[in-house]
Amino acid sequence: MVAFATNGLLSATFISRIPALRDSLGLSNSAVGLMLLAMGIGSVSALPLAGGLVMRWGAARVVRRCAVLSAAALSLVAISGAWLEQVWLVALFLVAYGVGYGVWDVAMNVEGAAVERRGGKTLMPQLHAMWSVGTVLGGLLGIALVGTVPTVWHIAGVAALALALCWWGTAGFLPAEMAPEGHSPRRELIAAWRSPHTLLLGLMVLAFAAAEGSANDWVSLAMIDGYDVSHRVGVACYAAFVLCMSIARFAGAKVIDRVGRQPVLVTSAGLAGAGILLAVFAGSFELALVGIALWGFGAALGFPLGISIAADDETRAAARVSVVSTLAYGAFLGFPPILGAVGDQLGTLRALLVVAFLMLPAAALAVTVARRRSV
């Protein structure tokens, strides 16, 4: 739970300062998208290796090393953007942050799936809820500190706190198990990439990751540009989105155990799509907030449920979680520049319609991949 929360805290701290970095660097929406693309490149390039690293070193060691990398990289992002005002340096350190963030994500999800299997009931949404709690705290800190504490001190201070907490929290991870004789992480990864079910599952999670990630990157800017609210209110909209995700994730585990994975996934896709459409076409900021709430509820369970399905088979969990995460993180790689380019043409708010349309294939894929318990 601590590992998930501190990962979210770091992410939200950076997100709360994206508008400030955009202004200090003098970037357009499309340029912000390209800047964020660097983070996606780092994550997606490292994720295919993440499963093998977890199988070799164990989840605790991988999470600790990635926490160090993530905290250092984000601090350097802040220095490069706020003090040095060098876009290329920001992009370079965002690549490093993407590597740490992505591999950390796979490792903690593999650990979470192992704990979930031992408990015999759905747990992954609650672990992801702790990630959302971390992002809510990061968003609230952003609201409090934007305009009062400089960007560098804000990000560096939170990064140091998150690193210390994560280092302490990983001490409670399950002991790393020795790989059986003849075990080959490389062969397991190749087999996972050749599994049609795993690939379809990854595409479904990609769509839900786009719904979640687009809010992380763009909801503040969309509200600022589309409804002419202040920077502080824009950050508050992001915090509201994450709060709704947290509520859905804490409550979702019991619902999943009661009605099953498939109905929950299909309903989630419908809620997310409807919420985005309402946020875009509301016409008033107050109604747009209702759309953001629906969007948050709908985006909450797709990613954690997809990871649970991928990790159903304990012997292949690390490889399959790595594959699904790699495909899902394609959303973080591709969507920032896509939404930035669309935003320059149609406006930041209407660019979110791209994500709303993705919820249709997400619902269709959910019907297929959630039919059986085993991947």
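Residues numbered from 1 in each chain as written. Predicted model: local features only at pLDDT ≥ 70, side-chain atom pairs only at ≥ 80, totals over all residues. Heavy atoms only, no water.

A. Quick look at the pattern of salt bridges. Scanning the model with the defined rule gives four salt bridges in all. Among the ionic pairs, R249 bridges to E212, the shortest N-O distance being 3.2 Å. Taken together, the residues R249 in helix α10 (residues 231-259) and E212 in helix α9 (residues 196-227) connect sequence positions 37 residues apart. Through salt bridges with shared partners, a single ionic network connects R22, D23 and D225. (Salt bridge = Lys/Arg side-chain N within 4 Å of Asp/Glu carboxyl O. Helix = DSSP H or I, 4+ residues; strand = E, 2+ residues; numbered from the N terminus.)

B. Spatial organisation of the domain arrangement of the protein. According to the domain assignment, the protein contains domain 1 (1-176) and domain 2 (185-374). The distance between the C-alpha centroids of domain 1 and domain 2 comes to 18 Å. Tallying the contact residues gives 54 residues for domain 1 and 50 residues for domain 2. For the domain 1 and domain 2 pair, buried surface summed over both sides reaches about 4,500 Å², with 68% attributable to carbon and sulfur atoms. Here domain 1 is connected to domain 2 by one salt bridge. The partner of D225 in a salt bridge is R22, and the shortest N-O contact between them spans 3.7 Å. Summed over the shared surface of domain 1 and domain 2, the number is nine residue pairs in polar contact (both at pLDDT 80 or more). Among the elements of the structure, α1 (2-16), α2 (18-25), α3 (29-57), α5 (87-119) and α6 (124-145) are those that each provide at least two residues to the side of domain 1 that touches domain 2. Here the side of domain 1 that touches domain 2 is composed, by residue class, of 29 nonpolar, 18 polar and seven charged. (Domains from an automatic or database assignment. Contact = heavy atoms within 4.5 Å. Buried area = accessible area lost by both parts, 1.4 Å probe. Polar contact = N/O pair within 3.5 Å; in protein donor to acceptor, adjacent residues only side chain to side chain. Nonpolar A, V, L, I, M, F, W, Y, C, P; charged D, E, K, R; others polar.)

C. Main features of the layout of surface pockets. Roughly 240 Å³ of internal volume is contained in the second largest pocket. Considering every element that reaches the lining of the second largest pocket, the biggest residue donor is α5, with four residues. Residues belonging to the lining of the second largest pocket are distributed by class as follows: eleven nonpolar, three polar and one charged. (1 Å grid on protein atoms, 1.4 Å probe; cavity = no way out; pocket = protein on both sides within 12 Å on 5 of 7 lines; lining within 4 Å. Points joined across faces, edges and corners; volume = space filled by probe spheres on them.)

D. Spatial organisation of the side chain of S16. Checked against the element boundaries, S16 lands in helix α1. The exposure class of S16 is buried, given its relative accessible area of 1%. Polar contacts involving the side chain of S16 include one to the main-chain carbonyl oxygen of T13, which spans 2.8 Å. In this structure, S16 is in contact with G142, V146, H154, H231 and V235, ignoring residues within four places of it in sequence. (Buried < 20%, exposed > 50% of the residue type's maximum accessible area, 1.4 Å probe, protein only.)

E. A look at the packing of aromatic side chains. Scanning the entire structure with this criterion turns up five aromatic pairs. With 5.6 Å between their ring centres and 50 degrees between their planes, Y97 and Y101 make a pair best called tilted. Here Y101 and Y97 lie together in helix α5, a separation of four residues that amounts to about one turn. For Y101, a relative accessible area of 10% gives the class buried. (Phe/Tyr/Trp six-rings, centres within 6.5 Å; stacked < 30°, edge-to-face > 60°.)

F. Representation of the nonpolar core in the model. With 131 residues, the main nonpolar core has F14, W104, M204, M223 and W295 as its most contacted residues. Among the elements that take part in this core, α9 stands out by supplying 17 residues, more than any other. Among all residues touching W295, those that are not within four sequence positions of it are A211, S214, A215, V219, F241, L271, A272, G275, I276 and L352. (Core = buried A, V, L, I, M, F, W, Y, C linked by side-chain atoms within 4.5 Å.)

G. Molecular detail of a nonpolar patch on the surface. A contiguous nonpolar patch, built from L243, I247, L271 and F297 and spanning about 320 Å² of accessible area, is present on the exposed surface. Topologically, F297 is positioned in helix α12 (residues 285-299). Here F297 falls in the partly exposed class, since its relative accessible area comes to 31%. (Patch = residues over 30% accessible without salt bridge, like charges linked within 9 Å, V, L, I, M, F, W, Y side chains within 5 Å. Areas by Shrake-Rupley, 256 points an atom, 1.4 Å probe, with all protein chains shown as cover.)

H. Layout of the environment of P185. With respect to the element layout, P185 can be found in helix α8 (residues 185-193). Owing to a relative accessible area of 12%, P185 belongs among the buried residues under this scheme. Once the C-alpha coordinates of P185 and G51 are considered, the two residues, 134 residues apart in sequence, prove to be 7.7 Å apart.

I. Local environment of the confidence of the model for the protein. When pLDDT is averaged along the protein, the result is 88; 96% of the residues meet or exceed 70. Model confidence for the protein, summarised as mean pLDDT per element, is weakest for helix α15 (residues 330-346) at 77 and strongest for helix α7 (residues 151-169) at 97. (pLDDT = per-residue confidence, 0-100.)

J. Seen up close, α10. For α10, spanning 29 residues, the distance from its first C-alpha to its last is 41 Å, which sits close to the expected 42 Å at 1.5 Å a residue. A maximum bend of about 45 degrees is found in α10 at G252. The first or second residue beyond α10 is G260, which carries a positive phi of 105 degrees. (Expected span 1.5 Å × (residues − 1). Bend = angle between axes of the 7 residues up to and from the residue.)

K. Structural view of the environment of I190. Looking at the secondary structure, you find I190 in helix α8. According to the relative accessible area criterion, I190 is partly exposed, its value standing at 32%. Considering only alpha carbons, one finds I190 and V323, 133 residues apart in sequence, at a separation of 9.5 Å.

L. Representation of unusual backbone geometry in the model. One non-glycine residue, E85, lies in positive phi territory at about 55 degrees. Relative to the elements of secondary structure, E85 occurs in the loop between α4 (59-83) and α5. For E85, a relative accessible area of 47% gives the class partly exposed. Here D228, not a glycine, exhibits a phi torsion of approximately 55 degrees, which is positive. Among the structural elements, D228 can be located in the loop between α9 and α10. Judged by relative accessible area, which is 71%, D228 ranks as exposed.

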